[in-house]
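These are the residues of each chain, in order.
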Amino acid sequence: MTKQENKKEDPLEKGNTTAVSSYYGSMTFDQKAIRKKLPKEVYKALQETIKSGSKLSPDIADAVAHGMKEWAMENGATHYTHWFQPMTGSTAEKHDAFLSIDSDGTPIERFSGAQLIQGEPDASSFPSGGMRTTFEARGYTAWDPTSPAYLMKGGKGLTLCIPTVFISYHGEALDEKTPLLRSMNAVNTAALKLLATLGVDNSEGVITYAGAEQEYFLVDRKFYSMRPDLIMSGRTLLGAMPPKGQQLEDHYFGSIPNRVLEFMQEVEEELYLLGIPAKTRHNEVAPHQFEIAPIFERANIAADHNLLVMEVMRRVADKKGFALLMHEKPFAGINGSGKHNNWSIGTVEGVNLLEPGDTPESNIHFLVFLVAVLKGVYKRSGALRASIASIGNDHRLGANEAPPAVVTVFLGDLLEKVLDAIESGKVDFATEKQVLDLGLAHLPILNKDYTDRNRTSPFAFTGNKFEFRAVGSSQPIAVPNMVLNTLMAEAMDEMADEIQQKIQSGVDRDSAILEIIRTEITATKAVRYQGDNYSEDLQEAAAKRGLPNLRNTPQAMRALLDQDTREMFARYGVLSDQELTSRLNTRLERYIKGIDIEARTLQLMLKTFVIPDVSEYQGNLAGSFNGLVAAATTIGVSDKALKSQGAHLKELAENLSDLLDMTAELDAVIDKLSTIEEEFEAADFCAEVVLPAMDKVRTVADHLELMVDRSTWELPTYSEMLFEH
């Protein structure tokens with residue numbers, strides 16, 4: 001059989017409309033492929049590794065690698081790569097061929113257990129936040145067997161991609177995934193301890209789950225390629241709003257344009273082949289803004305899959321003549337894009353610990369875990385805010401289109417009444433009737449959610465999960481989920497200890513649980529906010545309640561300087577003090593460099609597009625006006641007409657003069673930024689001086705855009721980018 005004959009036929013070729021379930025995951029080394037390719041004893045050993053985290057023996061690793069290679073080659077792959085998530089906000093990969101040459105010169109395909117388990121890219125070329133020096137180049141990728149390997153299309157073939165972590169020679173985490181996996185272990189340990197305290201000792205493990213609703217914009221590639229700001233920074237640094245934006249609210253959930261629908265369909269087909277459960281697609285609020293949402297998965301797999309979703313969308317968009325914009329605020333004046341991170345916690349047996357149940361006992365357990373979330377978010381709101389801080393998100397948060405910079409929790413009227421009743425002493429958990437009367441029993445007829453939605457809340461309970469709505473669209477979800485997991489582990493540990501202390505002092509279990517729940521409800525009341533988070537009332541409430549109001553990235557990142565917060569991450573083995581410092585330094589560096597790139601790009605656009613275009617139009621207008629003045633007497637032009645046209649020319653000239661002055665000021669600001677060495681000082685300068693200077697210039701430039709003849713204005717306009725399909 002030839003290699004071509006051996007290659008499996010693509011189930012989606014030639015317009016095949018086969019049910020998704022028939023080809024779902026066919027490009028993934030999933031349980032079905034593993035069972036088929038591995039001997040029974042090898043399969044069992046691999047499953048035990050996935051379940052318990054135990055190491056594979058060299059013989060077992062070799063057998064797994066051989067089976068994985070055979071499966072990949074049967075599907076047409078010639079290379080493999082360790083796919084990882086460095087601290088760059090994206091992914092990285094280095095491709096190696098299966099091809100080897102024997103000592104006698106015979107070519108042969110090989111892939112060993114050692115090659116599967118460990119790779120070695122150059123660590124010095126990735127951000128380390130000062131953890132390593134340039135000459136310390138050694139870094140290792142280590143296989144994450146809990147996340148399935150897959151085949152990725154690219155160029156003219158397929159590559160076997162092996163999800164891995166990325167660590168230094170000395171064992172420090174150089175990636176975003178390692179801390180996430182550590183935090184999931186911390187949650188498992190703390191949750192099992194809390195469950196045992198509640199009298200539940202039959203669970204084998206607890207897992208956190210996630211599902212990221214991904215918002216994005218599509219613009220025609222021809223417009224994108226003519227906008228240096230989109231190419232360099234992912235957002236428009238200039239651009240006047242068109243007469244129509246989103247004020248008619250006619251785009252949201254509207255009919256999807258055919259060209260966009262074709263893009264969505266191809267994206268979904270590729271995701272299904274990769275075993276990524278894309279579920280929902282629709283138009284979002286802003287013109288040319290859309291969303292794709294998945295089904296829940298384990299948090300580490302969801303983090304991998306969200307990065308793959310973004311990667312697949314970029315590739316398909318390019319193929320379809322689109323540019324994919326993942327920036328949180330690519331267009332001023334209309335809604336930006338978020339990535340609503342739905343987060344939950346449950347047992348490996350399938351019990352969602354954040355879902356009210358049918359019995360008083362299950363509802364008591366639900367309340368304990370609900371209150372643990374409140375406790376964790378209240379105590380560590382600064383770290384949670386820092387987890388979603390970025391240049392792009394600073395433009396979006398608090399802009400009456402997204403949650404504010406203040407982290408609050410929305411529970412809904414029903415749960416608010418329940419917690420208030422418990423706090424006031426109206427509930428004693430003694431009878432089933434009291435608990436059921438509070439509305440926590442299962443509602444089989446209506447299957448009603450236990451809370452209304454509050455789209456203004458940054459952290460809202462939505463029935464059996466929390467929706468962290470403040471996550472930015474371009475951000476990997478590993479970081480916010482890592483922080484959520486860690487603060488939850490700490491809160492569960494503290495509550496378990498508090499309940500145990502009560503029990504040891506002679507209080508019965510149910511009374512001890514109730515006392516601690518009541519205490520924590522009172523202690524965390526400040527973080528619960530049921531109103532409009534867009535209103536000034538929230539700002540006043542935050543000040544009165546002592547809630548952090550961290551309005552920009554430098555302010556938010558200072559939360560990671562808090563010694564108690566640093567000790568929490570170290571205590572749970574999620575991030576050492578050195579690893580946390582490296583992330584703080586890396587994030588600040590990315591912020592400063594990102595704004596420097598934006599400012600220099602704006603500088604470039606002003607000097608090579610806007611000022612020349614306005615000057616040319618002004619010259620044409622002045623020539624026309626002078627000709628009119630010369631001919632005024634001859635053709636009988638009134639003084640009023642001359643005055644009106646002269647005023648228009650004067651306004652244009654004065655605005656251009658202002659723009660020239662402001663451009664010179666921006667030049668000076670950029671030069672000043674390059675002289676500041678201390679990172680927080682430079683970051684503050686970016687937030688407080690550079691960005692306002694850029695906004696000031698933009699105001700005048702956007703006004704001039706509306707005065708200049710369209711044939712002279714070279715940059716694609718908002719009207720073209722947002723309304724031409």
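Residues numbered from 1 in each chain as written. Predicted model: local features only at pLDDT ≥ 70, side-chain atom pairs only at ≥ 80, totals over all residues. Heavy atoms only, no water.

A.B. asks: Summarise the overall build of the protein chain; cite the residues concerned and give the values.
C.D. replies: Along the backbone of the protein chain there are 25 helices and 17 strands. The burial tally for the protein chain puts 55% of its 725 residues in the buried class. In the protein chain, the proportion of contacts linking residues at least 24 apart, taken out of those at least 6 apart, comes to 75%. When the accessible area of the protein chain is evaluated, it comes to approximately 31100 Å², of which 51% is carbon and sulfur surface. (Helix = DSSP H or I, 4+ residues; strand = E, 2+ residues; numbered from the N terminus. Buried < 20%, exposed > 50% of the residue type's maximum accessible area, 1.4 Å probe, protein only. Contact = heavy atoms within 4.5 Å. Areas by Shrake-Rupley, 256 points an atom, 1.4 Å probe, with all protein chains shown as cover.)

A.B. asks: Provide a residue-level description of unusual backbone geometry, including the pertinent values.
C.D. replies: The phi dihedral of His288 is positive, around 65°, even though this residue is not glycine. Examined against the element boundaries, His288 turns out to sit in the loop between strand 10 (278-283) and strand 11 (289-294).

A.B. asks: Can you explain the packing of aromatic side chains? Please cite residues and give values.
C.D. replies: Taken as a whole and judged by the stated rule, the model has 16 aromatic pairs. Plain terms: the ring middles of Trp83 and Tyr150 are 5.9 Å apart, the flat faces sit at 85° to each other, and that makes the pair edge-to-face. Of this pair, Trp83 sits in strand 1 (residues 77-83) while Tyr150 sits in strand 7 (residues 150-154), placing them 67 residues apart in sequence. Since its relative accessible area comes to 1%, Trp83 is described here as buried. The exposure class assigned to Tyr150 is buried, which follows from its relative accessible area of 3%. Here Phe98 and Phe111 contribute two aromatic rings whose centre-to-centre distance is 5.7 Å and whose plane-to-plane angle is 70°, an arrangement assigned as edge-to-face. On the criterion of sequence distance, the pair formed by Phe98 in the loop between strand 2 (95-97) and strand 3 (99-101) and Phe111 in the loop between strand 4 (107-109) and helix 6 (113-117) is long-range, its members being 13 residues apart. With respect to burial, Phe98 and Phe111 carry one shared label: buried. By the ring-pair criterion, three or more aromatic residues cluster together here, those being Phe366, Phe459, Phe461, Phe466 and Phe468. (Phe/Tyr/Trp six-rings, centres within 6.5 Å; stacked < 30°, edge-to-face > 60°.)

A.B. asks: Any details on the pattern of salt bridges? Residues and values, ideally.
C.D. replies: Scanning the entire structure with this criterion turns up 38 salt bridges. Between Asp497 and Lys193 there is a salt bridge, and its shortest N-O distance comes to 2.8 Å. A residue pair is termed long-range when its members are at least 10 positions apart, and Asp497 in helix 17 (residues 478-504) and Lys193 in helix 7 (residues 177-197) qualify at 304 residues. According to the relative accessible area criterion, Asp497 is partly exposed, its value standing at 35%. By relative accessible area, Lys193 is classed as partly exposed at 34%. Residues Arg235 and Glu598 are paired through a salt bridge, measuring 2.9 Å at the closest nitrogen-oxygen approach. (Salt bridge = Lys/Arg side-chain N within 4 Å of Asp/Glu carboxyl O.)

A.B. asks: Got a sec to walk through the side chain of Glu266? Specific residues and values, please.
C.D. replies: Its place among the elements puts Glu266 in helix 10 (residues 258-273). Judged by its relative accessible area of 13%, Glu266 falls in the buried class. Setting aside residues no more than four positions away along its own chain, Glu266 makes contact with Val316, Lys319 and Lys320.

A.B. asks: Describe helix 7, with residues and values.
C.D. replies: Its 21 residues place the ends of helix 7 30 Å apart at the C-alpha level, agreeing with the 30 Å of an ideal helix rising 1.5 Å per residue. One or two steps after helix 7, the chain reaches Gly199, where phi turns positive at roughly 95°. (Expected span 1.5 Å × (residues − 1).)

A.B. asks: Any details on the nonpolar core? Residues and values, ideally.
C.D. replies: The biggest cluster of nonpolar side chains holds 132 residues, and the ones touching the most others in it are Phe369 and Met492. Per element, the largest residue contribution to this core is 19 residues, and it comes from helix 22 (residues 577-635). Sequence-distant contacts of Met492, that is, excluding residues within four places in its chain, are made with Val187, Ala190, Ala191, Leu194, Ile345, Phe369 and Ala372. The next biggest cluster of nonpolar side chains, apart from the first, holds 58 residues, and it includes Phe29, Val42, Ile256 and Met313. (Core = buried A, V, L, I, M, F, W, Y, C linked by side-chain atoms within 4.5 Å.)

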